[in-house]
Amino acid sequence: MEEDLTIWWDDEEGCVRMIDQTRLPVELKVIACRTLSELKEAILHMRVRGAPALAVAGAFCVVFACRERCGDLEKAAYEIANLRPTAVNLSYGVNRALSAAMRVYDRADDMFAEALNEAKRMIAEDIDVNRRIGERGAALIEDGETVLTHCNAGRLACVGWGTALGIIRTAVFNHGKRVHVFACETRPLNQGSRLTAWELMHDNIAVTLITDSAAAKIMRDGLIDSVIVGADRVVKEGFFNKIGTYMHAIVAKEHSIPFYVAAPTSSFDLKKSEKDVEIEERGREEIIFVGNEQIAPLDIDVRNPAFDFTPHQFVSAYITENGVFRPEELINSAL
Ligand code: MRU
């Protein structure tokens, strides 16, 4: 396995390789996707997930679409970008690879190589950007502090290093600070307990797992110095992130705990409003079953929105690779 990467291109076999995140924490398994349909399946079933990782997965989908000579590349790109509609990064990645391919539209044989080069550039950029977010964010954490996070905005959500967890890693490894993380389990798919807990333990960073519903008590008890989460899309009035983020933001504000959003500038979509963004609604089985265990009546009415929206008023600052911005600074910023 390539050191510390979540998704990458295997030049020898001409395929995409990725950590199958549905298998963690039970096993660290690398799988190959050799066709567009295999990679689309991996995105839909969240073998690869997390906004920045989805950007690269989307770009690789376009690479496969070029290699497979999909008739209408723009239509194929549109379908890929809508596999998971909330994170802007998927369409960002698709569009970058599509533009690269379309620049050589008159040379059909070169489209695959151009799209692939662009996807590889995105991999290098992802790690660089996350390291920069890490440095900016680490300056906001004092030695000995405790940070609460939700979902997984770690290296598994990116190509490497991570955004919210990248900040923790930078604080610990580059600056020698002692940081303790409270990870919310993040029902229903448990990215917090399966992925964030695994990542941090793997790195020997102190982590305590809590249920999502324990977060308010833990904050009220004074155990948390700041909350740091990732973002799937930042729009004019606020940001979208994993369902449950909004409640943590409200509780943090009530208890005067700084609430930070760590995100690459590619997650910013400031021309759009909350109402322009579709919130992915996922299947009822995610709530009725845990694994194969049925935990609710089979015919219960269910709503399963995968993301929620948090208005800017709850955000202390957005931590990007280009700087740390208060919400009111975003519109005139260098984003
Ligand atoms: O449904 P997921 O697991 O793709 O959702 C992931 C999140 O909500 C993350 O917090 C977000 O993508 C930021 S990742 C750096």
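Thresholds, definitions, all that
The residue count restarts for each chain, going from 1 along the sequence in the order it is written. Given that the model is predicted, a residue must reach a pLDDT of at least 70 before its local features are reported, and side-chain atom pairs must reach 80 or more before they are shown or counted; all residues, however, enter totals for whole chains, interfaces and linings. Hydrogens and water are ignored here; the side-chain numbers use all heavy atoms of the structure. Two rings from Phe, Tyr or Trp (for Trp, the six-membered ring) form a pair when their centres are within 6.5 Å of each other. A pair whose planes differ by under 30 degrees is stacked, one over 60 is edge-to-face, and the rest are tilted. Should the NZ of a Lys or the CZ of an Arg lie within 6 Å of a ring centre and within 35 degrees of the ring normal, that charge is described as sitting over the ring. Neighbouring residues are identified by heavy atoms, a residue being near a molecule or strand if any of them is within 4 Å of it. Throughout this description, a polar contact denotes any pair of N or O atoms lying within 3.5 Å of each other; where both atoms belong to protein, one of them has to be capable of donating a hydrogen while the other can accept it, and for residues adjacent in sequence the pair is counted only when both atoms sit in side chains. Accessibility throughout is a Shrake-Rupley quantity obtained with a 1.4 Å probe, and a residue counts as covered only by protein chains that appear here. Going along the chain from the N terminus, every DSSP run of H or I of four or more residues is numbered as a helix, and every run of E of two or more is numbered as a strand. Polarity classes work like this: nonpolar for Ala, Val, Leu, Ile, Met, Phe, Trp, Tyr, Cys and Pro, charged for Asp, Glu, Lys and Arg, and polar for all others, with Gly in that last group. Note on exposure labels: buried denotes an accessible area under 20% of the residue type's maximum, exposed denotes more than 50%, and partly exposed covers the range between, all computed with a 1.4 Å probe on protein chains only. All the domain ranges listed were derived from an automatic or database domain assignment. Think of a salt bridge as a Lys or Arg side-chain nitrogen and an Asp or Glu carboxyl oxygen that are within 4 Å of each other. In this analysis, axes come from line fits to C-alpha atoms, helices being fitted only over the stretch in contact, and the angle between any two N-to-C directions falls in the range 0 to 180 degrees. By definition in this entry, angles of less than 35 degrees are roughly parallel, angles greater than 145 are roughly antiparallel, angles of 65 to 115 are roughly perpendicular, and the rest are oblique. Residues count as neighbours in contact if any of their non-hydrogen atoms are within 4.5 Å of one another. Strands are treated as partners if at least two bridges between them are detected by DSSP. The handedness of a crossover follows from its direction of travel: if, with the strands pointing away from the viewer, the path from the first strand over the helix to the second runs clockwise, the crossover is right-handed.

Looking at the packing of aromatic side chains
For step 1, the next point in the chain: Applying the stated criterion to the full structure yields 8 aromatic pairs.
For step 2, the next point in the chain: Through a chain of ring-to-ring contacts, the aromatic side chains of Trp-9, Phe-60, Phe-64 and Phe-112 assemble into a single cluster.
For step 3, the next point in the chain: Positioned over the ring face of Phe-307 is Lys-242, at 4.2 Å from the centre of the ring.

What to know about the site of the ligand
For step 1, the next point in the chain: Residues in contact with the ligand amount to 18 residues; listed here are only the nearest, Arg-49, Arg-84, Asp-232, Asn-241 and Lys-242.
For step 2, the next point in the chain: Gly-50 has a polar backbone atom sitting 3.0 Å from an oxygen atom of the ligand.
For step 3, the next point in the chain: Contact distances for the ligand include 2.7 Å between an oxygen atom and a side-chain N or O atom of Lys-242.
For step 4, the next point in the chain: Bound to the protein, the ligand loses 100% of the 410 Å² it would expose on its own.
For step 5, the next point in the chain: Among the elements of the structure, helix 2 (51-67) and strand 9 (238-242) are those that each provide at least two residues to the shell around the ligand.
For step 6, the next point in the chain: For the shell around the ligand, the per-class residue count stands at 8 nonpolar, 6 polar and 4 charged.

With respect to unusual backbone geometry
For step 1, the next point in the chain: Residue Pro-25 is reached from Leu-24 by a cis peptide bond, and omega for that bond is 5°.
For step 2, the next point in the chain: By the secondary structure assignment, Pro-25 is in the loop between strand 2 (15-19) and strand 3 (30-33).
For step 3, the next point in the chain: In this structure, Pro-188 follows Arg-187 across a cis peptide bond, with omega equal to 5°.
For step 4, the next point in the chain: Residue position: Pro-188 is located in the loop between strand 5 (180-184) and helix 7 (191-202).
For step 5, the next point in the chain: A positive phi angle is found at Asn-190, which is not glycine, with a value near 60°.
For step 6, the next point in the chain: Position of Asn-190 relative to the elements: it lies in the loop between strand 5 and helix 7.
For step 7, the next point in the chain: For Asn-190, a relative accessible area of 16% translates into the label buried.

A few points about the domain arrangement of the protein chain
For step 1, the next point in the chain: Examined at the domain level, the protein chain breaks down into domain 1 (7-130) and domain 2 (140-329).
For step 2, the next point in the chain: Here the C-alpha centre of domain 2 lies 24 Å away from the C-alpha centre of domain 1.
For step 3, the next point in the chain: Along the contact surface separating domain 1 from domain 2 lie 1 salt bridge.
For step 4, the next point in the chain: Across the pair Arg-84 and Glu-280 runs a salt bridge, and its minimum N-O distance is 2.9 Å.
For step 5, the next point in the chain: On inspection of domain 1 and its partner domain 2, the count reaches 16 residue pairs in polar contact (both at pLDDT 80 or more).
For step 6, the next point in the chain: Contributing elements (two or more residues each) for the side of domain 1 that touches domain 2: helix 2, helix 4 (88-102) and helix 5 (108-138).
For step 7, the next point in the chain: When the residues that make up the side of domain 1 that touches domain 2 are grouped by side-chain class, the tally is 18 nonpolar, 6 polar and 3 charged.

Observations concerning the packing of helix 5 against helix 6 (residues 164-174)
For step 1, the next point in the chain: Packing of helix 5 against helix 6 brings their axes to within 7 Å, and their N-to-C directions diverge by 70°. Taken as axis vectors, helix 5 and helix 6 run roughly perpendicular relative to one another. Seen from helix 5, the contacting residues are Ile-133, Gly-134, Glu-135, Gly-137 and Ala-138; seen from helix 6, they are Gly-166, Ile-167, Thr-170, Ala-171 and Asn-174.
For step 2, the next point in the chain: Here the residues of the contact of helix 5 with helix 6 are counted per class, giving 4 nonpolar, 5 polar and 1 charged.

Notes on the sheet that holds strand 14 (residues 317-320)
For step 1, the next point in the chain: Strand order in this open sheet of 7 strands is 6-5-4-7-10-14-15, and the pairing throughout is mixed. Single-partner strands in this sheet number two, and they are strand 6 (206-210) and strand 15 (323-325). Averaged over all neighbouring strand pairs, the angle between strand axes comes to 25°, with direction disregarded.
For step 2, the next point in the chain: Here strand 4 (residues 146-149) pairs with strand 5 via 4 bridges, running parallel. Bridging across to strand 5, Thr-146 finds its partner in His-180.

Description of the pairing of strand 4
For step 1, the next point in the chain: Where burial is concerned, the two faces of strand 4 agree: the one with Thr-146 and Leu-148 and the one with Val-147 and Thr-149 are both buried.
For step 2, the next point in the chain: Taking the sense of rotation as the criterion, the β-α-β connection linking strand 4, helix 6 and strand 5 turns out right-handed.
For step 3, the next point in the chain: Strand direction decides the pairing type here: strand 4 and strand 7 (residues 226-229), joined by 2 bridges, are parallel. Bridge pairing links Val-147 to Ser-226 in strand 7.

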